[in-house]
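Fold and geometry: a report
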There are 2 protein chains.
Amino acid sequence: MTTTLVRGKHVLCEAGTNASQSTVITDGAVFQRDGVIEAVGAYDAIKATHQADEEIGGPGFVVMPGLVNAHHHGRGVSTFQTGCTDGCLETWILAGWNRRPHDQYLMTLYTAIQMLESGTTTVMYNHSQTPTSGLEEDVDQVLRGFTAAGMRTAFSVYFRGQNRVVYEDDQQFLSRLPGDLAQDLRVYLAAVDLTETDYFTLFESLHRRYASSPESRVSVLLSPSNVQWASDDFLLRTKEYAKRYQAAVHMHLVESWYQKEFGIRTWGRTPVQHLADLEFLGPELSCAHSVWVTEKDIELLAGSGTTVCHNPSSNLRLKNGIAPVNTMLVSGINVAIGTDSTAINDDDDMIQEMRLSAKLHRQPGLDRPAVNSHQVLRMATANAARPTSFQGKIGVLEPGRFADMVLLDFSALEEPYLDPDIDVVDAVLYRGKASHVDTVMIQGEVVVRNGSFVKVDKAEVLRELREHFARPQEAATSRNRQMVQRLMPFVEDFYRDWQPPADQPHYLYNSRA
Amino acid sequence: MTTTLVRGKHVLCEAGTNASQSTVITDGAVFQRDGVIEAVGAYDAIKATHQADEEIGGPGFVVMPGLVNAHHHGRGVSTFQTGCTDGCLETWILAGWNRRPHDQYLMTLYTAIQMLESGTTTVMYNHSQTPTSGLEEDVDQVLRGFTAAGMRTAFSVYFRGQNRVVYEDDQQFLSRLPGDLAQDLRVYLAAVDLTETDYFTLFESLHRRYASSPESRVSVLLSPSNVQWASDDFLLRTKEYAKRYQAAVHMHLVESWYQKEFGIRTWGRTPVQHLADLEFLGPELSCAHSVWVTEKDIELLAGSGTTVCHNPSSNLRLKNGIAPVNTMLVSGINVAIGTDSTAINDDDDMIQEMRLSAKLHRQPGLDRPAVNSHQVLRMATANAARPTSFQGKIGVLEPGRFADMVLLDFSALEEPYLDPDIDVVDAVLYRGKASHVDTVMIQGEVVVRNGSFVKVDKAEVLRELREHFARPQEAATSRNRQMVQRLMPFVEDFYRDWQPPADQPHYLYNSRA
């Protein structure tokens, strides 16, 4: 039995859609026992009625729910660091094949440390389809990494079964390549081939092994990677499994204009409409990106209770645009926020990702919508909790929920002065930085103290990563890089006549006329 | 006589428009004597031929030109910290009247410290029209602050002579107000009244006192605040003074859609076209913001050699949109970058401002433009140098220019690994942070060492600011705040029927159809 009293000058219990809808306690405290919040209230009252093993925080801190990164692919040493500069999504994915193999455990530990030190307690981790021969072992290493870091994880492996190089049938694309290049590509793709049946068997095994106890910090989700990458049959089977296991489903959706255009060309309708026609949308589903949604698509997503995971940094970096979040919010969509392992500063900092979200959706015009600080904090806490399978258990500081919280050094954030009329959530959203994160607690366990990770030796993790990458480039990596270089013109050529439109934005940021 | 040898693993001498146009020396060095660069080259060669009093940097650093913040209004303790949350520009300006009076010297010292610690060596500082009775004294305090900090300053006082509350004649606006409110506003405006003649006399005095020696770190510019705030007569006189004194001119331009609309309603043409008709555009002119420029406006700016100072954070925060920088660059406009004292993290960090610039202009579509890292670094160095009156003297590391430079801890930036194929300018633009700034030199003088400001006691500056703002709110501030609250509905009402358009963007970030 361990108990903790967590004190803050301000306790942000729950972010609402505006200041009057949020619950904030001044000079407040949270009392937790064995990982579960037992009481929240005024510090004096909680202190008088609860005996704690330890008291943390104090009048110089803000206490808030741990942030939830609602879309992530791991990595630690970023895609950029491993040699891949930002491009257009469709060519960047190909360039990503240039990545060197890495130690899944170490990389996961490092990405977790980075996220924890910047205030994220839960991650929606979506595992890339690594070579099938080692897939289950890779997954175990990833989950061993998150577990060692103490991080809560909504875990999924994504499934890509078709149109894996460009948005057309693999065989058709292969048929246009010179023979030797086609042969190399066939070998590359065969290594990541995964049957639908094997996918669902893997899901069942992971679900049984990792997500069966109510105290587990791991939930297991299903994930068709995106509509153009999974057959209708796979989507329908996913829906069945989701029902059978009460499991959530996570996917990518109209991340790029090209993905929307694929739907129009293939089915004569948008991908969202296609999902609606398959009765695939629903409250168990969360969709990353969702940049290229039409007004009608937004209605369909809202009406079905589907969550959208907004990834503003990634959408800019990979030339996908800006998702119409204001329109989504007005329609009632549950919008979450995630870094997609491609945050603006290349560091998976959710505080910075909230900031970018807060600034990006300020539409020109006095009467035009702009997200407020409370909405954005809610997107990264309560809204983001919903698709994780920990809904009702995290994202809000209230009795009965897990004790997942973050303490920010509010004195440093105010330095040297903050007008007393400023709302505390505004203060966090305008000025909070990863460097203000002092303490992070997950399920009652302190994993970051004084801004530093305490569960494993970070310097040692960095040393091992440095050593790993200092090795000479693997022969397989060199071969991949040559193949990618030869493939690139064929990929670019495929999209040559796909020309994005120029008009009818959801919001107007500037005008040529 | 003092001499310094500055060594870097990479010396970014000059940022070009792409990697092949940039000058980067691996294991390079810069040798400076008495504030002027004497030699740049390979470390071994420079070391062998130049005897230095001190050697700084080393193989763990990147050396680059000091950053130039091309549009700034000072402050230190931000507008937000002093009680003013972001709004739409037109109401935010009014809300800014809520600010408390402050010590100009202390505030300038603090804003300079923040900029220096994040790698900015030169600031284009545009002084708000503070009350006329103390204006010259205020200006002296500001310049004393920048001088004490050692910062290079392109200084101007802006002139606002008309349409000061909304974009119509002050008397006309006053005539719609209740008598007592009109009277309060008349008193408020009278305090900042400045005649055109007094403005130019002040300019001449400042030019003589601060900008006469070639070693001075201060240049003095002219500044009509914006077309709707200055008469045509004032603009024409400005042009004359600029010619007479070989002085540069700095202004705001179509920051908001409302300012463009003002032009259409007033002259039947855009503000840029109006300036072109007055023959006001030219290479001596730099315009902040310039968000709402048409294709034709861009041609006019490009053809005249006018500089645009891009302020991406401010444009988002104040609901002004996103300037069409890609189109400007294609047209050949000299684009600089500035924080406008309203940076995304509320801290005037130019490295973060460069990052935002780099990410914001990545247009969806494989063949659509996206700024590259070299262009962005150039915007914050060589391009930004041009409108400061220090053109040819800063922004590039080459013999004959002032020794203004920044050393970044490249080992920390790479941590734990960076693929050797990654371009060093990409590395800085993707991953550089203010916390990597190790050393800052201005005109040969080291002002930041090991990441900390060395010329005055920062802790003491913060202590004095804290003490200043801890005082009870001034009676005048309380009166202003009451007046602002009463005025706000009249301001909002004025713009009620000014409705921004919905179509014809320069770039499409999303689509409703």
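Below you will find a few notes about this structure.

Another point: the relation of the copies chain B and chain A. Superposing chain B onto chain A takes a rotation of 180° plus a shift of 0.0 Å along the axis, which leaves an RMSD of 0.0 Å. The two molecules are tied by a two-fold rotation axis, judged by turn and shift. For chain B, the smallest separation between a C-alpha atom and the rotation axis is recorded for D503(B), amounting to 3.1 Å.

Right, let's talk about the interface of chain B and chain A for a bit. If you look at the interface, chain B gives 83 residues, while chain A gives 83 residues. Here chain B and chain A share an interface that buries about 7800 Å² over both sides, 54% of which is from carbon and sulfur atoms. If you sort the residues of chain B by the area they bury against chain A, K319(B), L366(B) and R512(B) come out on top, with a joint share of 10%. The partner of D86(B) in a salt bridge is K359(A), with the nearest N and O atoms 3.7 Å apart. At the junction of chain B and chain A, the tally comes to 61 residue pairs in polar contact (both at pLDDT 80 or more). For the side of chain B that touches chain A, the secondary structure elements donating two or more residues are α9 (257-267), α12 (312-317), α14 (350-360), α18 (424-431), α19 (458-470) and α20 (475-494) of chain B. Residue contributions to the side of chain B that touches chain A peak at 5 residues, all from α14(B). Here the residues of the side of chain B that touches chain A sort into 38 nonpolar, 19 polar and 26 charged.

Below, the discussion takes up the layout of surface pockets. Volume-wise, the largest pocket comes out at about 1500 Å³. Lining the largest pocket are 48 residues, with K433(A), A434(A), S435(A), K433(B) and S435(B) positioned closest to its centre. Of the residues contributing to the lining of the largest pocket, the split by class is 14 nonpolar, 16 polar and 18 charged. Taken as a whole, the second largest pocket encloses approximately 1300 Å³ of empty space.

Right, let's get into the pattern of salt bridges. All told, the structure shown has 68 salt bridges over all chains when counted by the stated rule. Among the salt bridges present, the one from D170(A) reaches R164(A), with a minimum N-O distance of 2.9 Å. For the pair D170(A) and R164(A), one class covers both residues: buried. Between R486(B) and D180(B) there is a salt bridge, with the nearest N and O atoms lying 3.0 Å from each other. Residue R486(B) is found in helix α20, and its partner D180(B) is found in helix α6 (residues 179-192); the two are separated by 306 residues along the sequence. One salt-bridge network, in which partners are shared between bridges, spans D86(A), R317(A), D346(A), K359(B) and R431(B).

For soluble globular proteins, the rule of thumb is that nonpolar side chains tend to be buried together. Judged by nonpolar contacts, the single largest core of 284 residues is most densely connected at W97(A), L185(A), W97(B) and L185(B). The contacts of L185(A), once residues within four sequence positions are left out, are W97(A), V165(A), F173(A), L174(A), L177(A), M483(A) and L487(A).

This next bit is on the packing of aromatic side chains. A full pass over the atoms with the stated rule returns 49 aromatic pairs over all chains. With a centroid separation of 6.1 Å and an interplanar angle of 65°, the aromatic rings of Y167(A) and F262(A) are classed as edge-to-face. A residue pair is termed long-range when its members are at least 10 positions apart, and Y167(A) in the loop between β7 (152-157) and α5 (170-175) and F262(A) in helix α9 (residues 257-267) qualify at 95 residues. Each member of the pair, Y167(A) together with F262(A), is buried. The residue whose ring lies beneath K239(A) is F280(A), and the NZ or CZ to ring-centre distance is 5.8 Å. Above the plane of the ring of W498(B) lies R265(B), whose end atom (NZ or CZ) is 4.2 Å from the centre.

Basis of the calculations
- Residues numbered from 1 in each chain as written.
- Chains lettered and ligands numbered in written order.
- Predicted model: local features only at pLDDT ≥ 70, side-chain atom pairs only at ≥ 80, totals over all residues.
- Heavy atoms only, no water.
- Least-squares fit on C-alpha atoms with pLDDT ≥ 70 in both.
- Contact = heavy atoms within 4.5 Å.
- Buried area = accessible area lost by both parts, 1.4 Å probe.
- Salt bridge = Lys/Arg side-chain N within 4 Å of Asp/Glu carboxyl O.
- Polar contact = N/O pair within 3.5 Å; in protein donor to acceptor, adjacent residues only side chain to side chain.
- Helix = DSSP H or I, 4+ residues; strand = E, 2+ residues; numbered from the N terminus.
- Nonpolar A, V, L, I, M, F, W, Y, C, P; charged D, E, K, R; others polar.
- 1 Å grid on protein atoms, 1.4 Å probe; cavity = no way out; pocket = protein on both sides within 12 Å on 5 of 7 lines; lining within 4 Å.
- Points joined across faces, edges and corners; volume = space filled by probe spheres on them.
- Buried < 20%, exposed > 50% of the residue type's maximum accessible area, 1.4 Å probe, protein only.
- Core = buried A, V, L, I, M, F, W, Y, C linked by side-chain atoms within 4.5 Å.
- Phe/Tyr/Trp six-rings, centres within 6.5 Å; stacked < 30°, edge-to-face > 60°.
- Lys NZ or Arg CZ within 6 Å of the ring centre and 35° of its normal.

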